[in-house]
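Tertiary structure, described
Given next are the chains, with one letter for each unit.
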Amino acid sequence: MSGPVRHELLAVLDFGSQYGQLIARRARELGVYAEILPPDTDVETLRRRGARAVILSGGPDSAHAQGARTVDLALYDSGLPVLGICYGAQRMAADLGGVSGPGEEGEFGPAVLTPAPGARDLGIGDGNLLIDLEPGATVWMSHSDRVEALPPGFVPLASTRGAPLAAFADPVRRLYGVQFHPEVGHTQGGRAVMARFLHDVAGFAGDWTMAAFAQEAVAAIRAQVGERGRAIAALSGGVDSSVAAALAARALGDRLTAIFVDHGLLRLGEADEVMAAMGALGVRVRRVDAAERFLAALEGVGDPERKRRIIGTLFVRVFEEEARRVAEEGAGFLVQGTLYPDVVESGAGRSQTIKTHHNVGGLPEDLGLELVEPLRLLFKDEVRALGRELGLPEAIVSRQPFPGPGLAVRIAGPVTAQGLEILRQADRVVREEIEAAGLAPSLFQYFAVLLAPVRAVGVMGDNRTYGMPVVVRAVASEDGMTADRARLPDDVLGRIATRLTNEVAGVGRVLYDLTTKPPGTIEWE
């Protein structure tokens, strides 16, 4: 599927910013379709793609350094509105005759913004780019370089302690630069800055919605598969594959067959939930019960990387066996839940060089299946919104991120049938207590980990016990790239510990993981 032709494009030219994807996500939240493209994308390509405006991202380069990445200089005279953020602002200033260089001191984290005198009389309409940022507003900075002098035609809009030119504009050419990051949630009024640039300056209609996308995607799937074509959907039980299957089923009806490989490593009742949800949407699913095969292949394996390789290889083998049967019945297409971050990370926006991200993982070419990737333009939050639009139950749509190898990598040691059962019950208790306390909406993930090789001495009644420790992991995060440990109330932790040791046979001790990401990861393996 190519990009939607009915939507005007915001082109985010990415210089390697850690926030590049966040810029595009914020734009889409404001109803503007955005794509991430290489910084050297030429103006002709931008026009051909239907770009209405451009944002230049931050990045690790120094605009004054030899060999620093730049843009097609024709961009600034193209008539397209341009907003430069951090390095993008420095880049714009340096390209147009200003001066960018190392600051006297860097700014990393919050900074106080001061509007320039008379700035409210400049810029957009009856205000300016900073219309909603009052004196003293806190903005998020991440820079050591800064703009020292503005190019001809530009005026200052705001300053901070470490950046005397923290925001500036050439309102005639509709060129704007901000040293701070409006896309980051820590910037007060950052959403308003983005909205003013996108809607008031660039004139975007704001028509990017999941309802519209669903209609376009259904039409695109039908066009790709054809009136009589048949397709296979790879269904793992996660949000992405479930939404992709539901969308494809809306387009193809009974010409779609979803293959659900149940490897026996899902959470309690999860496989049955997936089957029920797909059935309610009329999706035809072949469930392959492969739990015993996976358990046998994992016997005695404690190394996490070996577990991952074994599970990945066997999953492909089982899926391939079933896919061949369906392909023999006339299926010629494979539907996968590839998302936009997969596309960006594999090609940085260069559509001609993107390597397809195989969610199934390394299927042999002789299957002869053409890929259908209906979600490849979407971020995770958009996939969830699309799932709601399609009528998927909230239990699936709001499901936490879950590792592909399942519970196997939440057992710190060899995987056994007993260990899986203990972990399923422990995970159920953790989820029930956190959700009953109303804490789930504020958390990114919360789950249990079983330290299977370890035994801890304990006493129940008059008997000495040697139960396994369970670790409770709960984190707050926006996108999983960084995470902070959740401050769960003591009474909630107490109830979890009591229930785990009382209700789940084999649990002898309960621990709470206080590690942030970095230095740790969210998952244990």
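Structure shown above.
Attention here is on the structure that accompanies the text. The structure displayed is predicted, hence computed values, not measured ones. (Residues numbered from 1 in each chain as written. Predicted model: local features only at pLDDT ≥ 70, side-chain atom pairs only at ≥ 80, totals over all residues. Heavy atoms only, no water.)

**Overview of the side chain of T338**
Assignment of secondary structure puts T338 in the loop between strand 13 (331-335) and helix 10 (340-347). A polar contact is formed between the side chain of T338 and the side chain of E373, at a distance of 2.8 Å. (Helix = DSSP H or I, 4+ residues; strand = E, 2+ residues; numbered from the N terminus. Polar contact = N/O pair within 3.5 Å; in protein donor to acceptor, adjacent residues only side chain to side chain.)

**Focus on the packing of aromatic side chains**
This model, assessed by the stated rule, comprises five aromatic pairs. Taken together, a centroid distance of 5.9 Å and an interplanar angle of 70 degrees make the contact between F154 and F168 edge-to-face. With F154 in the loop between strand 6 (137-149) and strand 7 (155-159) and F168 in strand 8 (residues 167-170), this pair connects stretches of sequence that are 14 residues apart. The class for F154 is buried, based on a relative accessible area of 9%. Taking the relative accessible area as the measure of exposure, F168 reaches 0% and is therefore buried. Sitting over the ring of F402, R267 keeps its end group 3.9 Å from the ring centre. (Phe/Tyr/Trp six-rings, centres within 6.5 Å; stacked < 30°, edge-to-face > 60°. Buried < 20%, exposed > 50% of the residue type's maximum accessible area, 1.4 Å probe, protein only. Lys NZ or Arg CZ within 6 Å of the ring centre and 35° of its normal.)

**Regarding helix 9 (residues 304-328)**
Its 25 residues place the ends of helix 9 36 Å apart at the C-alpha level, agreeing with the 36 Å of an ideal helix rising 1.5 Å per residue. Three or more residues of helix 9 are buried, namely K307, I310, I311, L314, F315, V316, V318, F319, E320, E322, A323 and V326. Where the residues of helix 9 are buried, they touch strand 10 (230-235), strand 11 (256-262), strand 12 (285-289), helix 8 (291-297) and strand 13. Its side-chain oxygen placed 3.2 Å from the backbone nitrogen of E305, D303 serves as the N-cap of helix 9. (Expected span 1.5 Å × (residues − 1). Contact = heavy atoms within 4.5 Å.)

**Describing the packing of helix 1 (residues 20-29) against helix 4 (residues 190-201)**
Across the interface, helix 1 lies against helix 4 with an axial gap of 10 Å and an inter-helix angle of 70 degrees. In this view, helix 1 runs roughly perpendicular relative to helix 4, as classed from their interaxial angle. Here I23, R26, A27 and E29 of helix 1 come into contact with helix 4, specifically with R191, M194 and L198. (Axes fitted to C-alpha atoms, helices over the stretch in contact; angles between N-to-C directions. Parallel < 35°, antiparallel > 145°, perpendicular 65-115°, else oblique.)

**Observations concerning the packing of helix 13 (residues 417-436) against helix 14 (residues 490-503)**
It is at 10 Å that the axes of helix 13 and helix 14 come closest, and there the two elements cross at 150 degrees. As far as their axial angle goes, helix 14 and helix 13 are roughly antiparallel. Here helix 13 runs over helix 14; the crossing is right-handed. Seen from helix 13, the contacting residues are A426, R428, V429, V430, E432, E433 and I434; seen from helix 14, they are V492, R495, I496, R499, L500 and E503. Here the contact of helix 13 with helix 14 is composed, by residue class, of seven nonpolar, no polar and six charged. (Left-handed = near helix turned anticlockwise from the far one by under 90°. Nonpolar A, V, L, I, M, F, W, Y, C, P; charged D, E, K, R; others polar.)

**Re the nonpolar core**
As a rule of thumb, nonpolar side chains are buried together in soluble globular proteins. Judged by nonpolar contacts, the single largest core of 69 residues is most densely connected at L75 and L386. When sequence neighbours within four positions are dropped, the list of residues in contact with L75 reads L13, V43, L46, V54, L56, L80 and V82. Among the nonpolar cores identified, the runner-up in size contains 50 residues, and I259, V301, I411 and L488 belong to it. (Core = buried A, V, L, I, M, F, W, Y, C linked by side-chain atoms within 4.5 Å.)

**Considering the sheet that holds strand 13**
With parallel pairing, five strands are arranged side by side in an open sheet as 12-11-10-13-14. Two strands in the sheet have a free side with no partner beyond their single neighbour: strand 12 and strand 14 (370-372). Neighbouring strand axes in the sheet, compared pairwise and without regard to direction, differ in orientation by 30 degrees on average. Here five bridges tie strand 11 to strand 12, and the two strands are oriented parallel to one another. Pairing of D262 across the sheet is with D289, part of strand 12. Most of the contacts of helix 5 (residues 210-225) go to strand 14, to which it runs at about 170 degrees, and overall it touches strand 10, strand 13 and strand 14. (Pairing = 2+ DSSP bridges.)

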